[in-house]
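Chain residues, written in single-letter form:
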Amino acid sequence: MPKVTFHHDGGNADVLDVEPGTSLMRAAVRNGVRGIVGECGGQAMCATCHVYVRDRYLDALPDISEDEEEMLDCTTAPRDADRSRLGCQVVVGADLDAIEVDVPASQV
Amino acid sequence: MTVQTSDVRPVPTAEWVTIPDLYDDPYPLFQRLRAEAPVHWVPAVGRYLVVGYEACHEIELDAERFTADESGSLMKRAMGHSMLRKDDPEHAAERQSYGSVLRPRAIKDHWNAVFEKNARIYLDQFKAAGPGADVVSQFAAPYAAENLRLILGYYNATQEDLQRWSQTLIDGTGNYADDPDVWAAAERSSDEVDAATDEMLAHLRDKPDHTLLSGLSHMPMSLEALRANIKMTIGGGLNEPRDAVATTLWALLSHRDQLDQVLADSRWADAFEESIRWVAPIGMYPREATQDTVLDGMAIPKGARLGVHVGAANRDPALFADPESYDINRPKVPHLAFGGGSHFCAGAWVARASVVGVALPKLIAELPDLRLDPANPASIQGWVFRGVTHLPVLWT
């Protein structure tokens, strides 16, 4: 199963094995990962599942849609030009069987 | 989910809760309820009232166990069957049809200018009314109504029409007393909205613009669903920004030290988010249990009609320290005032832009010595919907 790692401030991490087809937001909310809220349930509407994707995984990510693009300008923690994504828009599976992200200091 | 039946508690009955007490000030009742259990059967309301944060949040994230499509819905009777009372995938398809009209880019490109213009108009009228004027009826309500009118695209109606439609349709939605006059007024408005909608759809099909009705006129949604959704949007898109303006201003004028902090660092967003946590404009919404289930340790029977009270959840001491206080400096915890999951408020960004970005800062900038009127106190009412209903203010 694909592996998702959420790195927190201070060096702690949540490492999850998740079903293919699961978004990072859904994986985090189901497993109680601290710092990922996902208020809108995955509609790219609330900007509370913001993550910073670690560099080595960036090339494997899907393009940023228009909806995600405008939400990334609404995040509470500052947007990183390369690494910021919405967790609800990144889905693990055949093209992405492992990913590591950093959880921002705040989502609200 | 695995739950040991021995851990499951029966839902207690709260005979002592009355609707007049809830309407006057529900928060002391919520405190007492919450201390005993996160869910109670409340005979006066005819619902399982959910007052705990965890329980409310669990419901929001699980439409399979807790459907939005409840039986005997007053909202369906008043407004028709809108997406707010549907589950995915039906809900998602209709929600998608709203497109980008209410999203941040459209707000930036089109609606902020509308908000600025309307703030100018209604602030001028408010100032002309003179000290003692009521912020709710003489600024917040017409401002919110005119914004909504122009976003939706009702060029054939006035902001007064929008206010009447919104209030009477909402009154129908909350007509638990089955008052025939309330139904008659809701029905009249429903007919008026349908006529206005049909006229605008025909017009906007030929002359498309950035409004919601224009977008919807090209969507493959049934007319029945479209009419219901637009009424839901009229109901939810007016009173909530109106109440957020009035309640936030009331909170700040009652806590001058916090108003000073807001002004020093332009912390209007903090003032707004804390205000809707403190007094959620939409306090309660319904769900129905699709199966016998366990909710935060409480046994809920299949068919149970739930009142999910996010206004109560937002003051749960398990999540919020000193929850009864208005405090813009409290640690950030996500409140539930915009709902959550797939029914998360579609107008959240419009509310933030129109209230945080425009109405509140402009009001205080133009009337910097705005203050409460000690001889004429504000009134605040409601429990399903709650807000400041009358806010007389003075200035020099």
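For clarity, every value in this text was computed on a predicted model and none was experimentally measured.

Caption draft 1: Representation of the sheet that holds strand β3 (residues 66-67) of chain B. Residues and elements named next belong to chain B. As summarised here, the arrangement of the five strands in space is β1-β2-β7-β4-β3, forming an open sheet in which the pairing is mixed. Only two strands of the sheet have a single neighbouring strand rather than two, namely β1 (39-42) and β3. Where β1 and strand β2 (residues 47-50) come together, four bridges link them in antiparallel fashion. Its bridge partner lying in β2, H40 is registered against L49. Contacting β1, β2, β3, β4 (284-289) and β7 (305-309), helix α3 (residues 53-60) runs over the sheet at an angle of about 115° to β7.

Caption draft 2: Quick look at the confidence of the model for chain B. Per-chain confidence: chain B averages 96 in pLDDT, with 98% of residues scoring 70 or above. Interface confidence for the predicted complex, given as ipTM, is 0.92, next to a pTM of 0.95.

Caption draft 3: Focus on helix α9 (residues 180-206) of chain B. Residue and element names in this part refer to chain B. For α9, spanning 27 residues, the distance from its first C-alpha to its last is 40 Å, which sits close to the expected 39 Å at 1.5 Å a residue. Those residues of α9 not exposed but buried are A186, S189, S190, V193, A196, T197, M200 and L204. Looking at the packing, one finds that the buried side of α9 touches α4 (74-79), α8 (159-173), α10 (212-217) and α11 (223-236).

Caption draft 4: Structural detail: the packing of helix α14 (residues 268-278) of chain B against helix α16 (residues 348-366) of chain B. All names here are of chain B. Orientation of α14 relative to α16, taken along the N-to-C sense of each, is 120°, at an axis distance of 10 Å. If you check the angle between α14 and α16, you find them oblique. Crossing hand, α14 versus α16: right-handed. Contact with α14, carried on its side by W268, A269 and F272, involves R352, V355, V356, L360 and P361 of α16 and no other residues of that element.

Caption draft 5: Structural context of the sheet that holds strand β1 (residues 3-7) of chain A. Residue and element names in this part refer to chain A. If you trace the five strands from one edge of the open sheet to the other, you get β2-β1-β5-β3-β4, paired in mixed fashion. In this open sheet, the two strands that pair with only one neighbour each are β2 (13-17) and β4 (84-86). Here the average twist between neighbouring strands, direction ignored, is 35°. With two bridges joining them, strand β3 (residues 50-53) and strand β5 (residues 98-102) adopt antiparallel strand pairing.

Criteria and thresholds
Residues numbered from 1 in each chain as written. Chains lettered and ligands numbered in written order. Predicted model: local features only at pLDDT ≥ 70, side-chain atom pairs only at ≥ 80, totals over all residues. Pairing = 2+ DSSP bridges. Helix = DSSP H or I, 4+ residues; strand = E, 2+ residues; numbered from the N terminus. Contact = placed C-beta atoms within 7 Å. Axes fitted to C-alpha atoms, helices over the stretch in contact; angles between N-to-C directions. pLDDT = per-residue confidence, 0-100. Expected span 1.5 Å × (residues − 1). Buried ≥ 20, exposed ≤ 12 C-beta atoms within 10 Å, placed from the backbone. Parallel < 35°, antiparallel > 145°, perpendicular 65-115°, else oblique. Left-handed = near helix turned anticlockwise from the far one by under 90°.

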